[in-house]
Amino acid sequence: MARPARQFVCQECGAASPKWAGKCEACGAWNTLVEEVGEAHPHGRLPTGRASAAPAIAFVGLAGETAPPPRLPVGIAELDRVLGGGLVAASVVLVGGDPGIGKSTLMLQAAAALARGGRRVLYISGEESVEQIRLRARRLGLLDADLALAAATNLRDITQSLERERDAALVVIDSIQTMWLDALDSAPGTVSQVRACAFELIRAAKTQGFSLVLVGHVTKEGAIAGPRVVEHMVDAVLYFEGDRGHQFRILRGVKNRFGATDEIGVFEMTDRGLAEVANPSALFLAERRGNIAGSAVFAGLEGSRPVLLEVQALLAPAPGGSPRRSVLGWDGGRLAMLLAVLETRCGLRLAGSDVYLNIAGGLRVSEPAADLAVAAALASAASEQPADPGMVYFGEVGLSGEVRQVAQTEARLKEAAKLGFTDASLPRRLARGSRAPAAPEGLRLREIGHLADLVAGFAGKPAPR
Ligand code: TYD
Ligand code: MG
């Protein structure tokens, strides 16, 4: 089969073209085409034609016994939850995140936890020397873990060594961008190298049955570099995110063939590595000051887990021109909608004010259930009257101002009670006879049918403008 002598591959989207151009035809990115040689077809070894008449594949029906895949819990509960209960043998996880966010720290701690449990764990780093990793392990107090450590980047050497590892439970590759196959001429980190190296490693994991973790750096645009080509090849994709200015880190599942994808794990970066945060609500609310206008607590949900967050709103007079709307941690379009509903349906005058909205702590909220808490923060800011510091809010707001039901009411209420809140504002039950949510002891429920009722609760005058 004739190999194309050369091709130019877009480093953003992975599209190949036979000649160089300033702009990628496929995704429109500029200056992203890089010459990559020697990749006849992405996976290197396509089967040749079959001579025999026997069918190559056997078809089966939908019904049939399939046991759930056995799980190997790592022993770090926040990580295990995002994985869906632990690592699955012969499966591949991609852990992505910004450089310096703590991916290597997390994986070294995970590897050590498994090794302490008596499993054979291999940690291969292409980013740091063995000495550097030992230093980090000493700082993290992991020296007692019997971990097999290597600094290597040549993928042929790595796969050859892995073939001799018959009882490895976990192999960590840190990072996939530093690995290279000598059969390809392109530089490590290019699309063809990343794709080919991932393919070879995944094949080794599937044939030998170990769990494989690939660490990958994220580019500024939020895609894992070696762009996206690895994401669809792996079984699970976890993003490790957080604000470098804050000490907490969120591990978020965005793809999981063996579990739910909306789970998060919460960690805190300390001087002795990542500590699990079993009670994220307390962490996110730690810096809250009661009795300040413009603050409301949202009883949210991240995956299966309730999390309380503080929503902060600030209104400032906007003399002339178009007022600013600035949002951190929430959707700008949703804020615009909510402002329109408050203005049109509830008579709150906001058009002449700059609006700043922030989810304190740096977490990003995507639930519509946050509408009611955002509205409360805005109404509180507009009336200059603090919200009840013992109150949590949740509920979706529709365009006519009606407050709509959201999922998992009881889990939200329970979390609020656990953290000492005494009141909850929530959507009114539609049907008369419908069952009231089981309110935990000591929590008063305030059902809200229309947003205007919530606004009326902030009885003060509209803010001076
Ligand atoms: P690292 O795991 O190297 O990040 P990544 O692999 O994602 O690039 O983490 C690096 C940062 O974490 C670095 O800025 C120092 C900080 N850190 C701590 O604060 N405490 C620790 O115990 C460790 C090991 C790192
Ligand atoms: Mg690293």
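Computed from a predicted structure; not experimentally measured.

Caption draft 1: The overall build of the protein chain, seen in detail. When its secondary structure is counted, the protein chain shows 10 helices and 23 strands. In terms of its C-alpha atoms, the protein chain occupies a principal-axis envelope of roughly 80 × 55 × 55 Å. The burial tally for the protein chain puts 48% of its 465 residues in the buried class. Of the contacts formed within the protein chain by residues at least 6 apart in sequence, a portion of 67% connects residues at least 24 apart. Accessible surface, the protein chain: about 22500 Å² in total, of which carbon and sulfur atoms supply 52%. Where the 51 positive side-chain charges of the protein chain centre and where its 50 negative ones centre are 2 Å apart.

Caption draft 2: Spotlight on the sheet that holds strand 23 (residues 444–448). One open sheet accounts for 7 strands, arranged 17-18-16-15-19-22-23; its pairing is mixed. The two strands at the open ends of the sheet, each matched to only one other strand, are strand 17 (325–328) and strand 23. Each strand axis lies, on average, 25° off the axis of its neighbour in the sheet, ignoring direction. Both strand 22 (residues 423–427) and strand 23 contribute to a ladder of 5 bridges, which runs parallel. Looking at the pairing, Pro427 lines up with Ile448 of strand 23. Here helix 7 (residues 332–346) sits on the sheet and contacts strand 17 and strand 18 (353–359); the angle it forms with strand 17, its principal contact strand, is near 130°. Running over the sheet, helix 9 (residues 409–418) touches strand 15 (295–302), strand 16 (305–317), strand 19 (391–393), strand 22 and strand 23 and is turned about 80° from strand 16.

Caption draft 3: Just the environment of Glu410, in detail. Positionally, Glu410 belongs in helix 9. Glu410 sits 28 residues away from Ala438 along the chain, and the two C-alpha atoms are 6.4 Å apart. Excluding residues within four positions of it along the chain, Glu410 makes contact with Arg435, Pro437 and Ala438.

Caption draft 4: View of the domain arrangement of the protein chain. Examined at the domain level, the protein chain breaks down into domain 1 (4–41), domain 2 (72–278) and domain 3 (283–430 + 439–459). One C-alpha centre belongs to domain 2, the other to domain 3, and the line joining them spans 38 Å. Every contact between the two is made by 14 residues of domain 2 and, on the other side, 10 residues of domain 3. Between domain 2 and domain 3, a total of about 990 Å² is buried, with carbon and sulfur atoms accounting for 57% of that surface. When the buried area of domain 2 at its contact with domain 3 is split by residue, Phe248, Arg252 and Ile264 rank highest and sum to 41% of it. Here domain 2 and domain 3 share 2 salt bridges between them.

Caption draft 5: View of the site of ligand 1. Close to ligand 1 lie 16 residues; Gly100, Lys103, Ser104, Thr105 and Gly273 are nearest. The side chain of Ser104 places a nitrogen or oxygen atom 2.6 Å from an oxygen atom of ligand 1. Between an oxygen atom of ligand 1 and a side-chain N or O atom of Thr105, the distance comes to 2.6 Å. Mapped by element, the contributors of at least two residues to the shell around ligand 1 are helix 2 (103–116), helix 3 (130–140) and strand 13 (264–270). For the shell around ligand 1, the class distribution of residues is 4 nonpolar, 6 polar and 6 charged.

Caption draft 6: Region of interest: the sheet that holds strand 3 (residues 33–36). Ordered in space as 2-1-3, the 3 strands form an open sheet in which the pairing is antiparallel. Edge positions in the sheet fall to strand 2 (16–17) and strand 3, since each of these pairs with one other strand and no more. Note: strand 1 (residues 7–10) against strand 2, 2 bridges, orientation antiparallel. When the sheet's bridge partners are listed, Phe8 is paired in strand 2 with Ser17.

Caption draft 7: Up close: the pattern of salt bridges. Scanning the model with the defined rule gives 18 salt bridges in all. With a shortest N-O distance of 2.9 Å, Arg252 and Glu241 are connected by a salt bridge. With Arg252 in strand 12 (residues 248–256) and Glu241 in strand 11 (residues 236–241), this pair connects stretches of sequence that are 11 residues apart. Since its relative accessible area comes to 17%, Arg252 is described here as buried. On the basis of relative accessibility, which here comes to 30%, the residue Glu241 falls in the partly exposed class. Arg412 is the partner of Glu367 in a salt bridge, and the nearest nitrogen-oxygen pair spans 2.7 Å.

Caption draft 8: Quick look at the packing of aromatic side chains. Within the structure shown, the criterion is met by 2 aromatic pairs. Their ring planes at 80° and their centres at 6.0 Å tell us that Phe240 and Phe267 sit as a pair that is edge-to-face. Of this pair, Phe240 sits in strand 11 while Phe267 sits in strand 13; the two residues are 27 residues apart in sequence, bridging distant segments of the chain. Since its relative accessible area comes to 1%, Phe267 is described here as buried.

Conventions adopted
Residues numbered from 1 in each chain as written. Chains lettered and ligands numbered in written order. Predicted model: local features only at pLDDT ≥ 70, side-chain atom pairs only at ≥ 80, totals over all residues. Heavy atoms only, no water. Helix = DSSP H or I, 4+ residues; strand = E, 2+ residues; numbered from the N terminus. Buried < 20%, exposed > 50% of the residue type's maximum accessible area, 1.4 Å probe, protein only. Contact = heavy atoms within 4.5 Å. Areas by Shrake-Rupley, 256 points an atom, 1.4 Å probe, with all protein chains shown as cover. Lys, Arg positive; Asp, Glu negative; His and termini not counted. Charge placed at Lys NZ, Arg CZ, Asp CG, Glu CD. Pairing = 2+ DSSP bridges. Axes fitted to C-alpha atoms, helices over the stretch in contact; angles between N-to-C directions. Domains from an automatic or database assignment. Buried area = accessible area lost by both parts, 1.4 Å probe. Salt bridge = Lys/Arg side-chain N within 4 Å of Asp/Glu carboxyl O. Near = heavy atom within 4 Å. Polar contact = N/O pair within 3.5 Å; in protein donor to acceptor, adjacent residues only side chain to side chain. Nonpolar A, V, L, I, M, F, W, Y, C, P; charged D, E, K, R; others polar. Phe/Tyr/Trp six-rings, centres within 6.5 Å; stacked < 30°, edge-to-face > 60°.

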